[in-house]
Structures are given as structure tokens and as C-alpha cells.
Amino acid sequence: MATPDDAEDMEWDEDDATFASEADVTCPYCGEVVSITLDPGGGTVQSYVEDCEICCRPWQLTVTYEHDGSVEVTAEEGA
Ligand SMILES: [Zn+2]
């Protein structure tokens, strides 16, 4: 009775919802953990520079989305 198996309503909409829009990164300079806002529409692999909110030094960020919408973010010391 509680078996919802009409899968017709199930759509994969990759432009929507399931992709994480925030992540926590550890600053490579000051070691603080900072929450950042992500742009899931920017592609599955993104690389850009963002300044640390705490110490204002520039991170080289690499953002990688997985198939399940989870995200991996790496912050490194910028050049
Ligand atoms: Zn910092």
C-alpha cells in the first residue's frame, strides 16, 4: 500500500536541487573553516580564486561535483 513505485514522476533534472550549493573549506593560510557559497550551474569542475573571509588571502579553489550531487572543494594557496 505504501509502495510508491510509479516511477514516472521521477525525473532527473541536473539543473535542479540535488547539487550542493555550499561547502566548508579549510583555509590553507590561517586554518579557519569557512563556509562558502558555490555555483552548481558553473559546471561539474570549477576552478577559481576567492579570498578568505578571515585573513583575506586568496585561495585557489577547485570545486568538483560528483554524480550524486555531492561536492568536493579544495582550497590551496594561490600563486
Ligand atoms: Zn584564512
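Note that the coordinates shown come from a computational prediction; the quantities given were computed from them, not determined experimentally.

1. As for the overall build of the protein chain
Piece 1. Secondary structure summary: the protein chain contains zero helices and five strands in total.
Piece 2. In the protein chain, the succession of helices and strands from N to C terminus is β-β-β-β-β.
Piece 3. Per-residue burial over the protein chain gives 5% buried out of 79 residues.

2. Quick notes on the sheet that holds strand β3 (residues 45-51)
Either a parallel or an antiparallel arrangement is found when strands of a sheet pair, and the pairing is made through backbone hydrogen bonds.
Piece 1. Taken in spatial order, the three strands of this open sheet run β3-β4-β5, and their pairing is antiparallel. Looking at the sheet topology across the chains shown, the edges are occupied by β3 and β5 (71-77). Taking each pair of neighbouring strands and ignoring which way they run, the sheet shows an average axis angle of 25°.

3. Some details on the environment of Leu61
Piece 1. Turning to its location among the elements, Leu61 is positioned in strand β4 (residues 58-65).
Piece 2. The partly exposed category is assigned to Leu61, around which 19 C-beta atoms lie within 10 Å.
Piece 3. A sequence separation of 16 residues divides Leu61 from Glu77, and the C-alpha atoms of the two residues are 8.8 Å apart.
Piece 4. Excluding its chain neighbours within four sequence positions, the residues that come into contact with Leu61 are Ser47, Tyr48, Val49, Glu50, Val73 and Ala75.

4. Considering the environment of Gly42
Piece 1. For Gly42, the location among the structural elements is in the loop between β2 (33-37) and β3.
Piece 2. Taking the C-beta count within 10 Å as the criterion, Gly42 has 12 such neighbours and is therefore assigned exposed.

The rules behind each value
- Residues numbered from 1 in each chain as written.
- Predicted model: local features only at pLDDT ≥ 70, side-chain atom pairs only at ≥ 80, totals over all residues.
- Helix = DSSP H or I, 4+ residues; strand = E, 2+ residues; numbered from the N terminus.
- Buried ≥ 20, exposed ≤ 12 C-beta atoms within 10 Å, placed from the backbone.
- Pairing = 2+ DSSP bridges.
- Axes fitted to C-alpha atoms, helices over the stretch in contact; angles between N-to-C directions.
- Contact = placed C-beta atoms within 7 Å.

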